[in-house]
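A closer look at the structure
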Amino acid sequence: MTAHRPNIYAPEIWNDPHAFYASLRREAPVRQVDPGGMWAVTRYEDVLHVLKNPQLFSSEGFRAGVQPDWLQMRNPVVDSILVMDPPSHTRLRSLITRTFSASGVARLEPSIRDSARAIVDDMLARRRVDFVESMALALPSRALSSLLGVDAALAPRFKAWADAVTGVGITPADAPEARKAELVATLEDLTHHLKAVLALRRHQPGPDVVTDLLQARAQGGVASDEELLGFLVLLLVAGLETTYDLLGLCGLTLADHPELWARLKQDRALVPRFVEEVLRFESPSQSTLRTTTQETEVGGVRLPKGAVVLVQFVSANRDESVYRDAHRFDLDRTGVPSLAFGQGIHFCVGAPLARLEARLAVETLLERCDRLVREPGPVTWNVAVTTRGPAVLPMELFPA
Ligand code: HEM
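When you line up the elements, Arg31 lands in strand E1 (residues 30-33). The class of Arg31 is buried, set by a relative accessible area of 11%.

This part covers empty space enclosed by the protein. Applying the stated criterion across every chain, the model contains 2 cavities of 30 Å³ or more. Quantified by volume, the largest cavity comes out at close to 50 Å³. Around the largest cavity sit Ile8, Tyr9, Trp14, Tyr21, Gln286, Ser287, Gln312, Val314 and Val385, which together line it. Looking at the lining of the largest cavity residue by residue, the class counts come to 6 nonpolar, 3 polar and no charged. The space that makes up the second largest cavity amounts to roughly 30 Å³. Around the second largest cavity, the lining residues are Phe131, Met135, Leu247, Cys250, Gly251, Leu254, Ala361, Val362 and Leu365.

The next thing to look at is the site of the ligand. Lining the immediate surroundings of the ligand are 26 residues, of which His89, Arg93, Thr288, His346 and Cys348 lie closest. Between the ligand and Arg93, the relevant distance is 2.7 Å, taken from an oxygen atom to a side-chain nitrogen or oxygen of the residue. A distance of 2.8 Å separates an oxygen atom of the ligand from a polar atom in the side chain of Arg290. Only helix H5 (88-93), helix H12 (225-256), strand E5 (287-292) and helix H16 (351-368) provide two or more residues apiece to the shell around the ligand. A total of 7 residues in the shell around the ligand trace back to one element, the largest contributor, which is H12.

To continue, consider the coordination of the iron atom of the ligand. Under perfect tetrahedral coordination by four donors, a metal shows angles of 109.5 degrees; under perfect octahedral coordination by six donors, it shows angles of 90 or 180 degrees. Of all protein atoms, just one serves as a donor to the iron atom of the ligand, and that atom is Cys348 (SG), at 2.3 Å. Note that Cys348 resides in the loop between helix H15 (313-316) and H16.

Positionally, Arg333 belongs in the loop between H15 and H16. If we ignore the near neighbours within four places in the chain, the residues touching Arg333 are Glu277, Arg280, Tyr323, Arg324, Asp325, Ala326 and Arg328.

A few words now on the sheet that holds strand E12 (residues 394-399). Backbone hydrogen bonds hold the strands of a sheet together, and the pairing may be parallel or antiparallel. Here 3 strands make up an open sheet; going across it, the order is E4-E12-E9 and the pairing antiparallel. Two strands in the sheet have a free side with no partner beyond their single neighbour: strand E4 (128-130) and strand E9 (369-374). Neighbouring strand axes in the sheet, compared pairwise and without regard to direction, differ in orientation by 35° on average. Judged from the 5 bridges that link them, E9 and E12 form a sheet pairing that is antiparallel. The residue bridging Val373 from the neighbouring strand is Glu396, located in E12. Sitting on the sheet, H16 touches E9 and E12, and the angle it makes with E9 is about 110°.

Now for helix H2 (residues 17-27). Most of H2 is tucked away: 8 of the 11 residues are buried. For H2, the set of buried residues is Pro17, His18, Phe20, Tyr21, Ala22, Ser23, Leu24 and Arg25. On its buried face, H2 is in contact with helix H1 (11-14), E1, strand E2 (38-41), helix H14 (271-282), strand E8 (308-312) and H15.

What follows deals with the pattern of salt bridges. Evaluation of the coordinates by the stated rule reveals 36 salt bridges. Put simply, Arg355 and Glu276 hold a salt bridge, and the shortest N to O gap is 2.7 Å. Here Glu276 lies in helix H14 and Arg355 lies in helix H16, a separation of 79 residues in the sequence. Under the relative-accessibility criterion, Arg355 is labelled partly exposed at 33%. The partner of Asp330 in a salt bridge is Arg328, with the nearest N and O atoms 3.6 Å apart. Looking at Arg328, the relative accessible area reads 42%, which means it is partly exposed. Bridged by salt links that share partners, the residues Glu109, Arg113, Arg359 and Glu363 form one connected network.

Conventions and cut-offs
Residues numbered from 1 in each chain as written. Predicted model: local features only at pLDDT ≥ 70, side-chain atom pairs only at ≥ 80, totals over all residues. Heavy atoms only, no water. Helix = DSSP H or I, 4+ residues; strand = E, 2+ residues; numbered from the N terminus. Buried < 20%, exposed > 50% of the residue type's maximum accessible area, 1.4 Å probe, protein only. 1 Å grid on protein atoms, 1.4 Å probe; cavity = no way out; pocket = protein on both sides within 12 Å on 5 of 7 lines; lining within 4 Å. Points joined across faces, edges and corners; volume = space filled by probe spheres on them. Nonpolar A, V, L, I, M, F, W, Y, C, P; charged D, E, K, R; others polar. Near = heavy atom within 4 Å. Polar contact = N/O pair within 3.5 Å; in protein donor to acceptor, adjacent residues only side chain to side chain. Donors = N, O, S within 2.8 Å, 3.2 Å for Na, K, Ca; no water. Contact = heavy atoms within 4.5 Å. Pairing = 2+ DSSP bridges. Axes fitted to C-alpha atoms, helices over the stretch in contact; angles between N-to-C directions. Salt bridge = Lys/Arg side-chain N within 4 Å of Asp/Glu carboxyl O.

Written out as structure tokens, the structure reads:
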């Protein structure tokens, strides 16, 4: 491992992160990387230690990342649970745990299955499609529009909204004024529409998460208007970007591994295991951030107070000391579950929903298609702050 600080967004690392993180786990499991000299924590055991000790590793440091000084308006995600520590985090998270439980999201299965069928039929009619746009973006957008009770006609704007929420954090103060103005306008558009949904649901309850949140608040859960808005924005961003990557990664894996496709076609009961292994193998949510609240130690390395810690799920999920044959995609894998959805108090609220969407997308492809053939060539990966998946995936679908 060289002494200079590697930049995790450098194309040679981002396009193929696994060899890089394997060398980090071996030689420097806790070390500083760029941008910004963050402390990358790469071994499974150390990642778990950080996630299980929120009193030492705070989530509030995220805030600075999404509220840069140049941004003259409030990024609504700064009022969300992702960037809170207890007790605020505990109070607000309890408002939605029931809505997002496995039984809570099961009620969405019929409508998500219908959406998946309509999407696959449309892809088959067009035959040659970009899988990312046609499926990976379309399915979570539709699921979120009914979950949040936002007009389906607005779904095409979701990706731009989500990109703006995270994009402001990686836009420097000296970026072109036009770019900054565009981000502000997109955030204002998002805030305007979600405020309208909140206002409407106050008078007209509906079968959606906004109504659940308002009712939970009315029953004694304390939450300000900003916090409710922050919640909706977080659900939109967290529910779109990562599921989008997961579905893209499922499509890529199915197209590139005809032997997996054949096995899944024969035995659909294996689909949930396929989804779990894609989550472990590729980690659509590559990492999260924490800030140390005092001087502390991880993996034998001393970190100063205020250090920014980059918690690397992408690396922990391939840790050879935890997963046998860690670099092999194994449909028969059993044992330790991956950290794809995090762990501890911030464990992903939407995990049951993400699993449901991925299972239904894959089941529908298996049901309606004979095979998927990807246009040959290297994959173009999207570069986002913490998520990773194919940016485009041209392929041809053959009907069953
Ligand atoms: C493949 C899809 C998904 C992946 C890989 C994923 C991953 C994660 C991870 C790793 C965290 C923990 C972050 C941390 O510890 O700082 C998280 C938190 C969260 N996720 Fe997901 N997520 C996915 C889909 C969803 C969906 C569909 C929703 C909701 C619609 C959602 C809502 C949330 C929320 C609200 C949090 C914050 C929880 C808290 O801070 O207590 N996620 N997600």
